[in-house]
Every structure is written in structure tokens, then in C-alpha cells.
Amino acid sequence: MRDLKVLQAFDYANHLLKWFDKNGRVLPWRLNPQDPYKVMVSEFMLQQTTVKTVIPYFINFMEKWPTLEAFSSASEEVLLTIWQGLGYYARAKNLLKAVFMIMKEQNGVIPNCYEKLKNLPGFGPYTAAAVASIAFDEPAAIVDGNVIRVLSRVFGVAKPMPAGKQEIMKIAQDLTPAVRAGDYASAIMDLGATICRSSKPLCNECPWQEGCFAYHQGQVHLFPMRAAKPVRPVCLSTAFWIQNSEGKVWIQKRSQGGMLANLWELPHTGFSVALARQQVASLDSVAKERPRKHIQHVFSHFTLNMAIVEKKACDAMELMDPDNGEWVDPDGYVRRPMASLMKKVFTSMRPPREK
Ligand code: SF4
């Protein structure tokens, strides 16, 4: 790792801000002056999701709820419908909870500092720092995957992630300027996304090239150093495509707690990793009914292999929860919020189009 003398000799913040003034991305949530509500919504959407994916969702969201006050009267069901496809639905629910809390406890005004923001639902250290810096110009350091990549290259952080994150956080805090902290936060995000990319970084266009350890050592490809990844477990499940005499399909709402809470889905045998062995047995028993399709879906912490078995309503009463479900057209399911997994199931069950 480079020593602090180098850090002091090269004015990283100044070089980056000059570059940002010419090359910063134009994004629908970047305004002058900043609107804290728009910054907050965009930062929730950007958790685990790319800018390109977020833009249309953000525009749609703002058309529906242009102000914090308007959003505070949204129902969770409608919010999940607008959010569907973005994934990580806990973010949407936490955003709504945070807004309820802001309306109730802060008179509808978003807190303007990191220390208060980090106590709101769904605000981890990163989101609190991003909103504090971008919306309120507080010099709170942001550290996400992009920032880790950039700083580990620039300062040659040899400790593998995630253990090296503490070192990166210290560097990030030292580099964040007292003035234009919000622009600096946006700038380092842009640098990571457009120049210091994970593959094929554009070092010859980089404002930090002169002060970059990995570049001068010819070791850009080695950073960030990573510990070996644990193998992602595989889980098995069976979903039931239950149709009534009109050809409609039964869907039902998940319970309030846990993964994918409150989203709609086909009845299925569950997909907790711990249940995988049991599900093998359950698959054996339904295998006689010949699954019509198999799909695979990758969640953040496991891979799901799902068989889809067709059933007639009269043979599937025990699988249906009559208090929490409804019949939908095989093509008309979009009016209920569903996770990407279930959309994939519906798409796979569509009859092929005639040529
Ligand atoms: S010089 Fe290359 S490796 Fe170093 S920060 Fe810039 S883009 Fe990243």
C-alpha cells in the first residue's frame, strides 16, 4: 500500500472534481440544487442495482409520487407493483417505512446528517453517507463495490476483501473533501462506473492515473484482492401451475415476514436451503406427474432449480390458500407484484407463438 505522504502529495479530490465537472454523468436524480427526496429514492433503488436498470424505474416512480408527501400515502401493494423487476423488495418496504417515520417524527423533513439518517429503516452506512453527502454536502465517505475497486487499485490495498474494507474506509474518509463533498461522492461513483471499471479500465483517461499504485506497478488486474468465494448452495423446489376450467391460473400472496414477503406467486414447496433434502423427496413424489418445465434462478445466496408441475384445480385444493389467492389469466399476472422468479415461471409456461 502507498504511504500517506503520497496521499498528501497528489491532490486526489481536486483532480477528480475537475474531471467530474467535464465528464460527470447526467442522471435524472442529479439536480442543482439537489432534492433530498429524489436522492433518497435513487440511493435505495441503486442498492445492488445498476444505474442503467434504475433509470426507467426512477422516472416512473417520480411520475407517480413526485414528492415525499405524495409517496407517504402510497400503499405497499402499489409500491411493490411499481418496484417489481428491480428485485430486493425489502428495499421498497424499508423506503416506505423510512418515509412514514420522517413524516411522523421529522415533520416531513428528511434529516440532513449522517448520524440521524443511519437510524432510519433501510439506511445502512453506505446509503446514509450517500444521502448525507449528495443531498446535504456533508463530508461523509461513501464506500461501495465501485469505490473499493478504485481505492484498492490507487492505494494498492493488499488485504483481501472483505477484511480490507476497514482500510478502504479510512482512505475514503481521508480523501473526502470538506467542500463539494456531494460532488466528490458522485464523482468517485462515476469514476468507478465509467473509467476504473472491473474489466478493461480506461487508465489513459483517468484523472488519478498519476497517483495510482496499481497502474504504475502494472498490477491493475490484481486489485481488489479477494478471499476465495464460498460455493453457492443449490436448492430444489416444485411450483404448481394450477388451472381451473376457464384456463385461469391460481396465484397467492406470500406472508408478511421473510424473503419476498407480500409478493404473489404460484403455490410451491418452498425454497429454503435447509429444506433442500426434503424437497428432493418431494420432487421424487411429484416426478410421476412429469414436470412440464424446469427453470433455474440465481438468488444472492443460493441457486434455485425449480420444477413446474401442472395440476387441475379439483386435484390441488390442498395446495391453495383460499384466503390469500386469486385466479388470473396466464398472461394477465402483471397486475400483482411478483418477484423475477415467478415472472420467469409465467414466461416459461406461455405457449410458443405461432410463426
Ligand atoms: S489509473 Fe487505472 S487502475 Fe488506476 S484508478 Fe485510474 S482507471 Fe483505475
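Residues numbered from 1 in each chain as written. Predicted model: local features only at pLDDT ≥ 70, side-chain atom pairs only at ≥ 80, totals over all residues. Heavy atoms only, no water.

### Section: the overall build of the protein chain
Consideration 1: Within the protein chain one finds 15 helices and six strands.
Consideration 2: With the C-alpha coordinates aligned to their principal axes, the bounding extent of the protein chain is approximately 75 × 50 × 45 Å.
Consideration 3: When contacts within the protein chain are restricted to residue pairs at least 6 apart in sequence, long-range pairs at least 24 apart make up 68% of them.
Consideration 4: Roughly 18,400 Å² of accessible area belongs to the protein chain as shown, and the carbon and sulfur atoms make up 53% of that amount.
Consideration 5: In the protein chain, which carries 43 positive and 33 negative side-chain charges, the distance between the mean positions of the two groups comes to 6 Å. (Helix = DSSP H or I, 4+ residues; strand = E, 2+ residues; numbered from the N terminus. Contact = heavy atoms within 4.5 Å. Areas by Shrake-Rupley, 256 points an atom, 1.4 Å probe, with all protein chains shown as cover. Lys, Arg positive; Asp, Glu negative; His and termini not counted. Charge placed at Lys NZ, Arg CZ, Asp CG, Glu CD.)

### With respect to the pattern of salt bridges
Consideration 1: As enumerated under the stated definition, the model contains 14 salt bridges in all.
Consideration 2: A salt bridge links Arg 336 to Glu 77, with the nearest nitrogen and oxygen atoms 2.7 Å apart. With Arg 336 in the loop between β6 (325–328) and α15 (340–349) and Glu 77 in helix α6 (residues 76–83), the pair connects residues that are 259 residues apart, well separated along the chain.
Consideration 3: The class for Glu 77 is partly exposed, based on a relative accessible area of 22%.
Consideration 4: Residues Arg 180 and Asp 183 are paired through a salt bridge, measuring 2.9 Å at the closest nitrogen-oxygen approach.
Consideration 5: Owing to a relative accessible area of 29%, Arg 180 belongs among the partly exposed residues under this scheme.
Consideration 6: Here the salt bridges share partners, and the residues they tie into one network are Glu 77, Lys 253, Glu 326 and Arg 336. (Salt bridge = Lys/Arg side-chain N within 4 Å of Asp/Glu carboxyl O. Buried < 20%, exposed > 50% of the residue type's maximum accessible area, 1.4 Å probe, protein only.)

### Let's talk about the environment of Met 259
Consideration 1: Locating Met 259 in the fold gives a position in the loop between β2 (249–253) and β3 (264–265).
Consideration 2: Put simply, Met 259 and Ala 90 are 169 residues apart on the chain and 8.1 Å apart in space, counted from C-alpha to C-alpha.
Consideration 3: Residue contacts for Met 259: discarding those within four places in its chain leaves Arg 254, Phe 271, Phe 299 and Phe 302.

### Some points on the environment of Ala 135
Consideration 1: Along the polypeptide, Ala 135 turns up in helix α9 (residues 125–136).
Consideration 2: Judged by its relative accessible area of 15%, Ala 135 is buried.
Consideration 3: Each C-alpha atom, one on Ala 135 and one on Met 40, is 8.3 Å from the other, the two residues being 95 residues apart in sequence.
Consideration 4: Sequence-distant contacts of Ala 135, that is, excluding residues within four places in its chain, are made with Gln 34, Pro 36, Val 39 and Ala 130.

### Examining the domain arrangement of the protein chain
Consideration 1: Split by domain assignment, the protein chain resolves into domain 1 (4–222) and domain 2 (234–349).
Consideration 2: For domain 1 and domain 2, the distance between their C-alpha centres works out to 36 Å.
Consideration 3: Of the roughly 890 Å² buried between domain 1 and domain 2, counting both surfaces, carbon and sulfur atoms make up 42%.
Consideration 4: For the domain 1 face of the interface with domain 2, the top three residues by lost area are Glu 77, Gln 84 and Tyr 89, together amounting to 55%. (Domains from an automatic or database assignment. Buried area = accessible area lost by both parts, 1.4 Å probe.)

### Some details on α15
Consideration 1: Buried residues of α15: Leu 341, Met 342, Val 345, Phe 346, Ser 348 and Met 349, and no others. Considered in projection along α15, the buried side chains sweep an arc of 165 degrees and stay on one side of the axis.
Consideration 2: In this structure, the buried residues of α15 make contact with β1 (234–243), β2, β3, β4 (293–298), β5 (303–312) and β6. (Arc of directions from axis to C-beta.)

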